[in-house]
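Each chain, letter by letter, is given below.
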Amino acid sequence: MGTLENIKVKILVNGDGTRYSQIRFELTSETDLFFHYIATIDELKFKRMRDEQKLSIDYQNLITLLIKLCNNCSKDPHAYIGVLYLEREGASHLDFIQNMEYKFVELLSVHFAAANEEVVRQSIAFRYNSVKAKMLLMQNRMAEIISIIKLKNPSLLLQIQKNSNPNMSVLGRTSQQSLNNSKLGR
């Protein structure tokens, strides 16, 4: 029996706004940085999928269907379920299933492969740099707020630093030091 986990889905298309030559469907996890699966679907692969699964849509509507199924799984997890089956050798398949109360109906199945090490490394580096940039923005914003509070109401800043977590106090001291350094012309 598997575990229930939120999976981040990214759908990329290659082509112009009306005609797609390729759809790339990526699955990642915030709890496991090395979890990265990719499905690349072109028209030929889709024709095989359509024949095997008896789908009634054309290739250009596949992107809409994928988005709709992912949104349904997110918005109504009791009626729509996405089940990812991990197999040996890095292969897997994601089944979109609808709960009809009396029967489970498989709507679509997409085959995935584990991403190679370089793609995983790039993904981890991108996510790390993204979080690092967000943290830097938050620290700068916090320093700005602390400097405003220090100018407008220094006693409030002291009260906040006494009652807050240690990171806030350190940030407040860092902000104070930078303010003192700027006043001294350093």
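Please refer to the structure higher up on the page.
Tell me about the layout of surface pockets, and name the residues and values.
In this structure, the largest pocket occupies an estimated 1100 Å³ of space. Lining the largest pocket we find 24 residues, and of these Leu 4, Glu 5, Ile 7, Gly 82 and Val 83 sit closest to its centre. Mapped onto the lining of the largest pocket, the elements with two or more residues apiece are α2 (62-75), β4 (80-86) and β5 (91-99). Its residues assigned to classes, the lining of the largest pocket shows 17 nonpolar, five polar and two charged. Volume-wise, the second largest pocket comes out at about 330 Å³. Along its surface, the second largest pocket is lined by 16 residues, and Lys 8, Lys 10, Ser 123, Phe 126 and Arg 127 are the ones closest to its centre. Where the lining of the second largest pocket is concerned, the elements lending two or more residues are β1 (8-15), β2 (20-28) and α3 (117-152).

Talk me through the pattern of salt bridges; I want residue IDs and the actual numbers.
Summed over all chains, the structure comprises seven salt bridges. Between Lys 8 and Glu 30 there is a salt bridge, with its nearest N and O atoms 3.5 Å apart. Highlighted residues: Lys 8 in strand β1 and Glu 30 in the loop between β2 and β3 (36-41), separated in sequence by 22 residues. Across the salt bridge formed by Glu 26 and Lys 10, the nearest N and O atoms sit 4.0 Å from each other.

Analysis parameters
- Residues numbered from 1 in each chain as written.
- Predicted model: local features only at pLDDT ≥ 70, side-chain atom pairs only at ≥ 80, totals over all residues.
- Heavy atoms only, no water.
- 1 Å grid on protein atoms, 1.4 Å probe; cavity = no way out; pocket = protein on both sides within 12 Å on 5 of 7 lines; lining within 4 Å.
- Points joined across faces, edges and corners; volume = space filled by probe spheres on them.
- Helix = DSSP H or I, 4+ residues; strand = E, 2+ residues; numbered from the N terminus.
- Nonpolar A, V, L, I, M, F, W, Y, C, P; charged D, E, K, R; others polar.
- Salt bridge = Lys/Arg side-chain N within 4 Å of Asp/Glu carboxyl O.

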